[in-house]
Amino acid sequence: MNNFQYARATDVADAVRQIAADPAAKFIAGGTNLIDLMKYEVERPPRLIDISRLPLNTVDETADGGLRIGALVLNTDLAYHPLIEKRYPLVSSAILAGASQQLRNMASTGGNLLQRTRCFYFYDVATPCNKREPGSGCSAIDGINRINAILGTSEACIATHPSDLCVALAALEAKVHVAGPAGERVIPFADFHRLPGSTPERDTNLEPNEIITAIELPAQGFAANYSYVKIRDRLSYAFALVSVAAALELDGGRIKEARLALGGVAHKPWRDPQAEQALRGQAADREAFARAADLLLRDARGFSHNAFKIDLARRAIVRTLTQAANGTPQIQSSKKIR
Ligand SMILES: Cc1cc2nc3c(=O)[nH]c(=O)nc-3n(C[C@H](O)[C@H](O)[C@H](O)COP(=O)(O)OP(=O)(O)OC[C@H]3O[C@@H](n4cnc5c(N)ncnc54)[C@H](O)[C@@H]3O)c2cc1C
Ligand code: SF4
């Protein structure tokens, strides 16, 4: 591990001041991803700015009926927060499908959004990787790509975003509040993460000198008809091969509003307005769900080891929407651990 300096930020303004003075520095919150990356020498920040004690650890109601989640609310605290369990159970379910209890006890909400891909080659500094070292090439395209993307890929990178929480936040149309030297701004969740294109080294549209302060959830939480299904190699402590967040508003047996987001398949949580539009006004049945799945996956492209994801995603979408429509969401195995 390389030498680095360590400093603690006293408040958000101080954190912004410190990062603006040294853009190569990194914020550290729970450290569950950043410290691993430093040990592998994937990240070599000369300075860590500890933000873990900033007062961004509350969940507050907003004037328009939504919730504002501080960036430092821990994943465990968020998953079991009474307002989240009651009004946004999709968020709770997605968090509990991820990592392990110990990791969720350390991981922060903001850090979860900024965790980096789990592409094997990204962590292996002996191999070319455009995300780690721009211009060096992509080892996954002709290598072991079982866990890589099938949608929105580029010739430069086929990595996936590994977060579960982000898939739920995408479906719920959350907003990301950030602060930087130029002041505060709000980024719609759909615009927060990026597709790889020719700049895979950039995961998000957050500037290097900005800090995430909060996530805002709109009033509509889809608490009656939702489900989060995560397909993975092991039942815990594994990232998604494919995951689906589904949220429906039903009127009788018909779909009034539909939200559908996929994880494990792209460089960002994957949504498709056409697939959601195709569900609106339809009877909530298997045929409509299968049509939406086909639409959502119409541009999917498999590589040598991951073409199986296309059919897996199709079936997972139908299953998740069926569970949502029936009001029988997937129970996460870690739900009982408190
Ligand atoms: C073995 C293992 C299994 C896992 N499994 C899953 C899984 O199945 N699903 C899942 O979703 N996640 C999983 N995770 C990832 C885990 O959820 C993330 O590591 C965690 O959410 C990151 O949060 P953190 O606070 O520890 O971030 P840190 O490691 O502290 O930081 C991560 C990045 O975010 C930046 N950062 C942190 N907070 C802010 C902020 N407020 N503003 C600006 N920048 C910030 C840091 O500079 C750093 O670049 C797993 C992790 C491990 C180690
Ligand atoms: S898929 Fe992306 S992260 Fe993986 S090796 Fe290629 S460039 Fe690197």
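Above this text is the structure in question.
So, about unusual backbone geometry. Of note, E173 is a non-glycine position whose phi angle comes to about 55°, a positive value. Summarising the element assignment, E173 is placed in the loop between α9 (165–171) and β6 (175–180). The partly exposed category is assigned to E173, whose relative accessible area is 39%. Notably, F222 is not glycine yet its phi reads approximately 55°, a positive angle. Take F222: it is sitting in the loop between β8 (211–217) and β9 (226–231).

What surrounds ligand 1 is a group of 32 residues, the closest being F27, G31, T32, S108 and D164. Residue G30 places a main-chain N or O atom 2.9 Å away from an oxygen atom belonging to ligand 1. Between N112 and ligand 1, the recorded distance is 3.4 Å, taken from a side-chain N or O atom to an oxygen atom. The fraction of the free accessible surface of ligand 1 (970 Å²) that becomes covered by protein chains is 94%. Among the secondary structure elements, those contributing two or more residues to the shell around ligand 1 are β2 (26–28), α2 (34–39), α7 (109–114) and β8. The class makeup of the residues in the shell around ligand 1 is 16 nonpolar, 11 polar and five charged.

Let us look at the environment of I49. Mapped onto the secondary structure, I49 falls in strand β3 (residues 47–50). For I49 and F120, which are 71 residues apart along the polypeptide, the C-alpha to C-alpha distance reads 27 Å.

The environment of ligand 2 is made up of 14 residues, and the closest members are C119, C129, C138, C157 and I158. Residue composition of the shell around ligand 2, grouped by class: 10 nonpolar, three polar and one charged.

Procedures and definitions
Residues numbered from 1 in each chain as written. Chains lettered and ligands numbered in written order. Predicted model: local features only at pLDDT ≥ 70, side-chain atom pairs only at ≥ 80, totals over all residues. Heavy atoms only, no water. Helix = DSSP H or I, 4+ residues; strand = E, 2+ residues; numbered from the N terminus. Buried < 20%, exposed > 50% of the residue type's maximum accessible area, 1.4 Å probe, protein only. Near = heavy atom within 4 Å. Polar contact = N/O pair within 3.5 Å; in protein donor to acceptor, adjacent residues only side chain to side chain. Areas by Shrake-Rupley, 256 points an atom, 1.4 Å probe, with all protein chains shown as cover. Nonpolar A, V, L, I, M, F, W, Y, C, P; charged D, E, K, R; others polar.

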